Amino acid sequence: MAGLGKRQNTGETSFIDNVTGQKIVKLGGLEFPPRKVWMKTFGCQMNYHDSERILSHLKDLNFSQTEEKERADLILFNTCAIRDLANTKFYSQLGEIKHNKKKNEKLVVGVGGCVAQTEGKALVKKYKHLDFAFGTDVIDSINDLVFRSYAGDGKFSVNAWDRSTDFSIETKITHGSPQAFVNIIKGCNKYCSYCIVPYTRGKERSRKCKEVVEDVRKLVKYQGIQEVTLLGQNVNSYGKENNESLAMLITELDKIDGLELIRYTTSHPYDVSDELIEVHGKAKKLSNHLHLPVQSGSKTVLERMLREYTPEHFLNLCEKLRKANPNIILSTDIIVGFPNETQEEYEATLKLLDEAQFDFIYSYVYSARKGTKSAKMSDTLADDERGERLRYLQSYQLKIQEKLRAPLKGKTLRVLVDGQSNQKGIKKWKGRTNGNRIVHFEPIESDKNYLWHWVDLEVTSATALSCQGKLVKDHGKRIEMHDSENSLG
Ligand code: SAM
Ligand code: SF4
């Protein structure tokens, strides 16, 4: 099979069919007429980004995306193994696809991503209607796999790791928005005791700084991208093997004309360097929002999680970041109910929420993942207790958020509009501020399309989860400088 990393020299040619007038793509001995692909993605931004890459590659084989499963020639799932819930949803949807296959014998079904990486072979064996499975490191070879399937290669699973020392790709985008995800590092070397990621995504490998900067420059120049999110499981580890760093990369990206906003996700607190903290104070285009997952406020739980930092270290980091950039907005991830979490350990997390004053949190009950260290720990905590602790923690945090966001009322915030919302029958538009807060507003001209416009909104009400605003100024689709007073919230 062709290279597992970058797909080069793809070999497709195309011609127009004299009878139908349709474009036909030729690869090897096979002809690919226009076909439809339906794709379902579970999990994190990394998975959504991978799906976008897959769809972009499939265009070369004459596939276009459809939202209607019934019209699809190819059905793909991109799976997530982080928690049991995503797993359960995926298995139930995969089961249902057998009805589609009964109606359309030519339908090809593939499963990719984290579940396929570890369980691909078993999946293909168990589900008769599944044609192939592919792991996280063969995403850029999707066309080779689809080719194999159409060539009649039977059922197969590919979950090989890319063994090359270099990680080199070009960002692929299929949407028309001015926002792009740019993968800068893959894999994770941390092995937190609860986490499946190092087993589904492999060892850390970073793209070279020069390559990423060139990639972003092209996205800005040729694709109209104004906002990039640098992606990786632990972006703070970026560049270690090449003597480069995230701080260096952001400093270079900050110089690109036409780029307005730089975000990055996800961070591991242990690897946040002083150099990076300094960049949070200096880089003009770096977002005022930082997502910094703490997981727990208890020293002993953090030890059992193998997180390598203490609550004091984490709070000290928050303080340093706030000193470097007084407008910084922090958010986090919390896992409630780690094996044998005591009431005292749980309360330490509530205390940390008070101290850290996060603008929002993602919180989850602990989910044991097969193969991880914590899954082997004896655990006396009941699931009901876990659920109760999560609900209380969420209501506790909402009160913090409400207080934190109340002063936003009356302020003017700049937002990049990313969609419509319907609130109590009123048609509105919505977008995110630089600090990642959602603001809804009613259009002044009801028929005007505000999608991907930069607008300034005066906040008329602010709740724990979102704000309502009044349109003050519509800047249109491009602004010269995002760096203004209105970009601070
Ligand atoms: N790399 C990031 C870090 O180190 O914090 C996290 C990436 S992980 C894909 C996203 C979030 O899923 C984690 O921050 C954690 O809160 C949650 N998570 C991971 N494994 C989990 C598990 N076994 N049970 C519950 N939540 C989990
Ligand atoms: Fe998982 Fe993040 Fe820990 Fe890596 S750093 S093992 S992705 S939680």
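All of these numbers come straight from a predicted model, not from anything done at the bench.

**Q** Hey, could you run me through the sheet that holds strand S16 (residues 329-336) in this one?
**A** Strand pairing in a sheet relies on backbone hydrogen bonds, with the paired strands running either antiparallel or parallel. Spatially, the 3 strands line up as an open sheet ordered S15-S16-S17, and their pairing is parallel. Here the strands that pair on one side only, and so sit at the sheet edges, are strand S15 (289-291) and strand S17 (360-365). Taken over all neighbouring pairs, the strand axes of this sheet differ in orientation by 15° on average, direction set aside. Pairing geometry for S16 and S17, over 6 bridges, is parallel. Bridged to Asp333 within S17 is Tyr362. In the packing of helix H12 (residues 383-405) onto the sheet, the strands contacted are S16 and S17, and the crossing angle to S17 comes to about 180°.

**Q** How should I be thinking about the sheet that holds strand S1 (residues 13-16) in this particular structure?
**A** Taken together, the 3 strands give an open sheet; going across it, the order is S1-S2-S3, and neighbouring strands pair in antiparallel fashion. If you trace the sheet from one side to the other, it starts and ends with S1 and strand S3 (30-32), each paired once. Strand-to-strand twist in this sheet, taken as the mean axis angle between neighbours without regard to direction, amounts to 30°. Strand direction decides the pairing type here: S1 and strand S2 (residues 23-27), joined by 4 bridges, are antiparallel. When the sheet's bridge partners are listed, Thr13 is paired in S2 with Lys26.

**Q** Looking at this model, I keep getting lost on the pairing of strand S7 (residues 108-113). Mind explaining?
**A** By the criterion of burial, S7 is predominantly enclosed, with 6 of the 6 residues buried. On S7, burial covers both faces: Val108, Gly110 and Gly112 on one face and Val109, Val111 and Gly113 on the other are all buried. Bridge count between strand S6 (residues 74-79) and S7: 6 bridges; the pairing is parallel. By the bridge assignment, Thr79 is partnered in S7 with Gly113. Once you follow S6 into helix H2 (residues 84-103) and on to S7, the crossover reads as right-handed. Viewed along the sheet, the connection from S7 through helix H3 (residues 114-126) into strand S8 (residues 132-134) turns out right-handed.

**Q** Before we go on, may I ask you to explain the pattern of salt bridges in this structure?
**A** Two side chains with opposite charge may pair up if their charged atoms get near one another. Scanning the entire structure with this criterion turns up 31 salt bridges. Residue Asp137 pairs with Lys186 through a salt bridge whose shortest N-O separation is 2.9 Å. In this pair, Asp137 is assigned in the loop between S8 and helix H4 (142-150) and Lys186 in strand S11 (residues 185-186), connecting sequence segments 49 residues apart. Take Asp137 and Lys186: they sit in the same class, and that class is buried. Arg405 serves as the salt-bridge partner of Asp359, at 2.8 Å between the closest nitrogen and oxygen. With Asp359 in the loop between helix H11 (343-356) and S17 and Arg405 in helix H12, the pair connects residues that are 46 residues apart, well separated along the chain. Like Arg405, Asp359 is buried. Each member of the salt-bridge network shares a partner with another, and the members are Lys190, Lys240, Asp271 and Glu308.

**Q** I keep staring at the nonpolar core and nothing clicks. Help me out?
**A** Side chains that are nonpolar tend, in soluble globular proteins, to be buried together. If you look at the biggest cluster of nonpolar residues, it comprises 64 residues, and the most contacted ones within it are Ile184 and Leu230. Core analysis: the next-biggest nonpolar cluster, separate from the first, contains 23 residues, Ala72, Ala81, Val111 and Tyr127 among them.

**Q** I'm lost on empty space enclosed by the protein in this one. Help?
**A** Where empty space is left in the structure can be found by rolling a water-sized probe over the atoms. Summed over the entire model, instances satisfying the criterion amount to 1 cavity of 30 Å³ or more. Reported here for the largest cavity is a volume of approximately 30 Å³. Forming the walls of the largest cavity are Tyr191, Cys192, Ser193, Cys195, Pro198, Tyr199, Thr372 and Lys373. Among the residues making up the lining of the largest cavity, the classes are represented as 5 nonpolar, 2 polar and 1 charged.

**Q** I'm lost on unusual backbone geometry in this one. Help?
**A** A negative phi angle is the norm for most residues apart from glycine, just as the trans form is the norm for most peptide bonds. Between Thr265 and Thr266 the backbone carries a cis peptide bond, its omega angle lying at 5°. Following the sequence through the fold, Thr266 ends up in the loop between strand S14 (261-265) and helix H8 (274-282). Phi angles above zero are rare outside glycine, and Asn243 is one such case at about 55°. Tracing the backbone shows Asn243 in the loop between strand S13 (227-231) and helix H7 (246-253). One non-glycine residue with positive phi stands out, namely Glu308, at about 70°. Residue position: Glu308 is located in the loop between helix H9 (299-304) and helix H10 (311-324).

**Q** I keep staring at the site of ligand 1 and nothing clicks. Help me out?
**A** The local shell around ligand 1 holds 17 residues, among which Gln233, Gln295, Arg307, Asp333 and Ser367 are the closest. Take Gln233: an N or O atom from its main chain is 2.6 Å from a nitrogen atom of ligand 1. Note that a nitrogen atom of ligand 1 is positioned 2.8 Å from one of the backbone N or O atoms of Ser367. Here ligand 1 loses 92% of its free accessible area of 570 Å² to cover by the protein chains. Secondary-structure elements contributing two or more residues to the shell around ligand 1 are S16 and S17. The class makeup of the residues in the shell around ligand 1 is 7 nonpolar, 6 polar and 4 charged.

Reading the values: rules and limits
Residues numbered from 1 in each chain as written. Chains lettered and ligands numbered in written order. Predicted model: local features only at pLDDT ≥ 70, side-chain atom pairs only at ≥ 80, totals over all residues. Heavy atoms only, no water. Pairing = 2+ DSSP bridges. Helix = DSSP H or I, 4+ residues; strand = E, 2+ residues; numbered from the N terminus. Axes fitted to C-alpha atoms, helices over the stretch in contact; angles between N-to-C directions. Contact = heavy atoms within 4.5 Å. Buried < 20%, exposed > 50% of the residue type's maximum accessible area, 1.4 Å probe, protein only. Right-handed = clockwise from strand over helix to strand, strands pointing away. Salt bridge = Lys/Arg side-chain N within 4 Å of Asp/Glu carboxyl O. Core = buried A, V, L, I, M, F, W, Y, C linked by side-chain atoms within 4.5 Å. 1 Å grid on protein atoms, 1.4 Å probe; cavity = no way out; pocket = protein on both sides within 12 Å on 5 of 7 lines; lining within 4 Å. Points joined across faces, edges and corners; volume = space filled by probe spheres on them. Nonpolar A, V, L, I, M, F, W, Y, C, P; charged D, E, K, R; others polar. Near = heavy atom within 4 Å. Polar contact = N/O pair within 3.5 Å; in protein donor to acceptor, adjacent residues only side chain to side chain. Areas by Shrake-Rupley, 256 points an atom, 1.4 Å probe, with all protein chains shown as cover.

Treat this as a map of the structure, not an account of what it does.
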